[in-house]
Amino acid sequence: MSSSLEEYYSLYTNPLTVIRFYQIGYTFTFILGFLGNTASLLTFSRPTLRKVSTGCLFIILAIFDTLYLLMCVFDYLEFGFKVPFYPHIAYSEFCRFRYFVMNVSQVASAWILVIIAIDRWIRTQFPFKSGSICTPKNALIAVIILLVIDIGLNSHMLTPMFGIDIPGLAYGSCGPNYFTDKPYFLFYYIQWSMIQIFTTCVGPVSFMLMTLIAIFINIYLRKRAIIQPTQTIHGNQNMIRQKQMHKQMLILMFASNCIFCITNLPINISKIIVSQVVYIQPVLIDITIIWTALGWVQSLNYAVSIYNNSLTI
């Protein structure tokens, strides 16, 4: 039985394009991501920044982004350099753990950006009360609530329904198996993909855009405020500098939302499309190439987002 399984798995191999994506593309992602997230952790761990709610949130964001990239390292080794994890480890348990951590990190990273956006909105909407609302303690409470929901949402990946599929194949190494559990297979690639589109992309982007618009309105109303005659030239210069700073922050926040959406939406939509194709070898190879490319694009979000978001502080 073991011999026949290995013969079956050997029928599926990664195309050269897929191997090069992992060898070159992910090397670039890891250099950019690990350096950026490490620098972010060191920067925001300073006592002065750690006392600010935004600083604490950026530390947590860097941790989850790093966790996601660490899980990608296994794919990097297995698919890029053909390191044979199967059958030398408990591959099904390995799949469950890795995909659970990756999915929890994806949701957490997305919604921590929402919490950061809300934190900024509170500071512009209630400037005098923000000191008592936007505290590290409240930020941590919000993250804990998020994690409880996040872990519960992704807990099905820790069950036997999810596990080994076609080891060594970039697209199909882990996941639900069509032949052994068709209902869960269809749930995972259709209903679950729709849930993921909302939880990792549409939902967070919608909330971030709403807070961005609210911040823009607050700044616009302040600009319309009547300038008192007693204001000095120095005061006016300060207002001009603040106006320019807020404008730059809004542009960076909008760019951050665009990057987040562009890198996350395509791969989630592709899950729904490919659910109609079941282990047809020629088609599966094409899907593997597309999936690898979209997966690499998604990984860039966890490598570059920390650079762009840090600039908006």
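Residues numbered from 1 in each chain as written. Predicted model: local features only at pLDDT ≥ 70, side-chain atom pairs only at ≥ 80, totals over all residues. Heavy atoms only, no water.

Naming follows an unreviewed UniProt entry, where the protein chain appears as G-protein coupled receptors family 1 profile domain-containing protein of Adineta steineri. Its UniProt record gives the protein chain a comment under Subcellular location (unreviewed entry), which states: "Membrane". (UniProt positions renumbered as here; feature names shortened; annotations may be inferred.)

With 35 residues, the main nonpolar core has Tyr26, Met157, Phe162 and Tyr188 as its most contacted residues. Listing elements by their share of this core, those giving two or more residues are helix H2 (16-44), helix H4 (53-80), helix H5 (91-125), helix H8 (182-223) and helix H10 (281-311). Per-element accounting of this core gives the leading share, 8 residues, to H5. Those residues in contact with Tyr26, other than ones at most four positions away along the chain, are Phe21, Cys72, Tyr76, Gly295, Trp296 and Ser299. Listed in part, the 25 residues of the second largest apolar core include Phe58, Trp111, Ile112 and Ala117. (Core = buried A, V, L, I, M, F, W, Y, C linked by side-chain atoms within 4.5 Å. Buried < 20%, exposed > 50% of the residue type's maximum accessible area, 1.4 Å probe, protein only. Helix = DSSP H or I, 4+ residues; strand = E, 2+ residues; numbered from the N terminus. Contact = heavy atoms within 4.5 Å.)

The next subject is the packing of H4 against helix H7 (residues 136-154). Look at H4 against H7: their axes get within 8 Å of each other, and the N-to-C directions meet at 35°. Where H4 crosses over H7, the handedness of that crossing is right-handed. Between H4, through Ser53, Cys56, Leu57, Ile60 and Phe64, and H7, the contact on the second element is made entirely by Pro136, Ala139, Leu140, Val143 and Leu147. For the contact of H4 with H7, a count of residues per class yields 9 nonpolar, 1 polar and no charged. (Axes fitted to C-alpha atoms, helices over the stretch in contact; angles between N-to-C directions. Left-handed = near helix turned anticlockwise from the far one by under 90°. Nonpolar A, V, L, I, M, F, W, Y, C, P; charged D, E, K, R; others polar.)

A complete count under the given rule lists 3 salt bridges for this structure. A salt bridge links Arg96 to Glu93; the shortest N-O distance between them is 3.8 Å. Residue Arg96 and its partner Glu93 are located together in helix H5, separated by 3 residues, close to a single helical turn. The class for Glu93 is partly exposed, based on a relative accessible area of 46%. Of the charged contacts in the structure, one is a salt bridge between Asp119 and Arg123, with a shortest N-O distance of 2.9 Å. Within this pair, Asp119 and its partner Arg123 are both found in helix H5, separated by 4 residues, close to a single helical turn. (Salt bridge = Lys/Arg side-chain N within 4 Å of Asp/Glu carboxyl O.)

On to empty space enclosed by the protein, then. Taken as a whole and assessed by the stated rule, the structure comprises 5 cavities of 30 Å³ or more. Lining the largest cavity are 21 residues, with Tyr68, Met102, Ile267, Trp291 and Gln298 positioned closest to its centre. Counting residues per element, the ones that place at least two in the lining of the largest cavity are H2, H4, H5, H8, helix H9 (233-274) and H10. Broken down by element, the lining of the largest cavity gets its largest block of residues, 5 residues, from H5. (1 Å grid on protein atoms, 1.4 Å probe; cavity = no way out; pocket = protein on both sides within 12 Å on 5 of 7 lines; lining within 4 Å. Points joined across faces, edges and corners; volume = space filled by probe spheres on them.)

This part takes up the packing of aromatic side chains. All chains considered together, the criterion is met by 23 aromatic pairs. An angle of 55° between the planes, with centres 5.9 Å apart, marks the rings of Phe21 and Trp296 as tilted. With a gap of 275 residues between them, Phe21 in helix H2 and Trp296 in helix H10 connect regions that are remote in the sequence. A relative accessible area of 23% places Phe21 in the partly exposed class. Ring centres 6.4 Å apart and planes at 35° place the aromatic pair Phe187 and Trp192 in the tilted group. Site record: aromatic cluster; members linked through ring pairs are Tyr99, Phe162, Tyr184, Phe185, Phe187, Tyr188, Tyr189 and Trp192. (Phe/Tyr/Trp six-rings, centres within 6.5 Å; stacked < 30°, edge-to-face > 60°.)

As for its position among the elements, Leu16 is in helix H2. Between the alpha carbons of Leu16 and Ile289 there is a distance of 9.2 Å; along the sequence they are 273 residues apart.

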